[in-house]
Every structure is written in structure tokens, then in C-alpha cells.
Amino acid sequence: MLKIEDIKQYIDDTMLDTIFRERKEELDKEMERENLEFTNIKKEYSIDYEKLLVAIKNLPPHFHNTREGIIKALENYSRRENLIIANNNEKFYKVGFCDGIRTILESIKKDNSK
């Protein structure tokens, strides 16, 4: 797999970051439309955060520390998963971009060798 370092002479991290941010904005708009497709998945794997919080908060009073610990753990888990997904998406996009650049460069190299 091509790495950013392999094409460093053609593109730098700042350029990749700029392209990623611009493309991310386009993808965010597209995802708004695609969210309708996820409706069935959301129904099948329903997670109602508010109901979960109510259930946790209804633990008996002597479980106060446990209750607060569970809530904090859920919030940390959610935040962590979102950060991991965002990071993976960025890496996936940048690797795809590098692969595209590599394909273009290979094509140019073949054309020049003829």
C-alpha cells in the first residue's frame, strides 16, 4: 500500500489536510441524504440514550457512585468511538487519495516511457 511518505515530493500533509476537509464537507452533505437509508438499521439496533439514563438514574440511592461511574463510562465510550471513527475515516480518505495519485503517476510514467 502506498504511504504518504512515498509521494512526499508530489504532495504534503497540509495539502492532504486541506483536501480532506473540503471533501469532508461534501461528504457531510451527502450523508444527510443517505441517513434515510440507515433508518432500518437504527430501528433494528435502537439505542435510546435518554431511556438508558433514566434506567441508570433509577438505581437505588446507595448505588450513587456506581450510577455516576456508569454514566461517565457511557459518555467516554461514545466520545471514544466517535473519535476512532473520525480518525479511521480520515486515514481511509488519505490512503485512497494517495492510491489515486499513485495510479496517475504510474500512468504518466508509462506514457513517458513510450
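The structure this text deals with has already been given above.
Here is a short report on the structure shown in this document. Just so you know, the residues in each chain are numbered from 1, in the order the chain's sequence is written. Under the rules for a predicted model, residues below a pLDDT of 70 receive no local features and side-chain atom pairs below 80 are neither given nor counted, while totals for whole chains, interfaces and linings still include all residues. Excluded from the side-chain calculations are hydrogens and water; all other atoms, namely the structure's heavy atoms, are used.

On to the overall build of the protein. Numbering of helices and strands runs from the N terminus; a helix is a DSSP stretch of H or I covering at least four residues, while a strand is a stretch of E covering at least two. When helices and strands are tallied, the protein shows four helices and zero strands. Each helix (α) and strand (β) of the protein, taken in turn from the N terminus, gives the series α-α-α-α. With a 1.4 Å probe rolled over the protein chains alone, any residue whose accessible area is under 20% of its type maximum counts as buried; one over 50% counts as exposed, and the rest are partly exposed. For the protein, the residues scored as buried account for 12% of the 114 residues in total. For the protein, long-range pairs separated by at least 24 residues make up 59% of all intrachain contacts whose partners lie at least 6 apart in sequence. Only the protein chains shown count as cover for residues, and the accessible areas themselves come from Shrake-Rupley with a 1.4 Å probe. For the protein, the accessible surface area stands at approximately 9,700 Å², while carbon and sulfur atoms represent 56% of it. The criterion used for residue contact is that any of the two residues' heavy atoms lie within 4.5 Å.

Moving on to the pattern of salt bridges. Here a salt bridge means any side-chain nitrogen of Lys or Arg lying within 4 Å of a carboxyl oxygen belonging to Asp or Glu. As enumerated under the stated definition, the model contains two salt bridges in all. The partner of R80 in a salt bridge is E81, with the nearest N and O atoms 2.8 Å apart. In this structure, E90 engages K94 in a salt bridge whose closest nitrogen and oxygen atoms are separated by 2.9 Å. Taken together, the residues span about one helical turn, with E90 and K94 both in helix α4 (residues 64-113) at a distance of four residues. Residue E90 is classed as partly exposed on the basis of its relative accessible area of 26%. Its relative accessible area of 14% is what places K94 among the buried residues.

The subject of this paragraph is a nonpolar patch on the surface. Each patch groups residues whose relative accessible area exceeds 30% and which form no salt bridge, using 9 Å between like charges and 5 Å between nonpolar side chains of Val, Leu, Ile, Met, Phe, Trp and Tyr. A contiguous nonpolar patch, built from M31, F38, I41 and Y45 and spanning about 400 Å² of accessible area, is present on the exposed surface. As for its placement among the helices and strands, I41 is situated in helix α2 (residues 39-44).

On to α4. Expected span of a helix, by definition, is 1.5 Å for each gap between consecutive residues, and there is one gap fewer than residues. The end-to-end C-alpha separation of α4 is 73 Å, in line with the 74 Å expected for 50 residues at 1.5 Å each. All of the buried residues in α4 are R67, I71, Y93, K94, C98 and I101.

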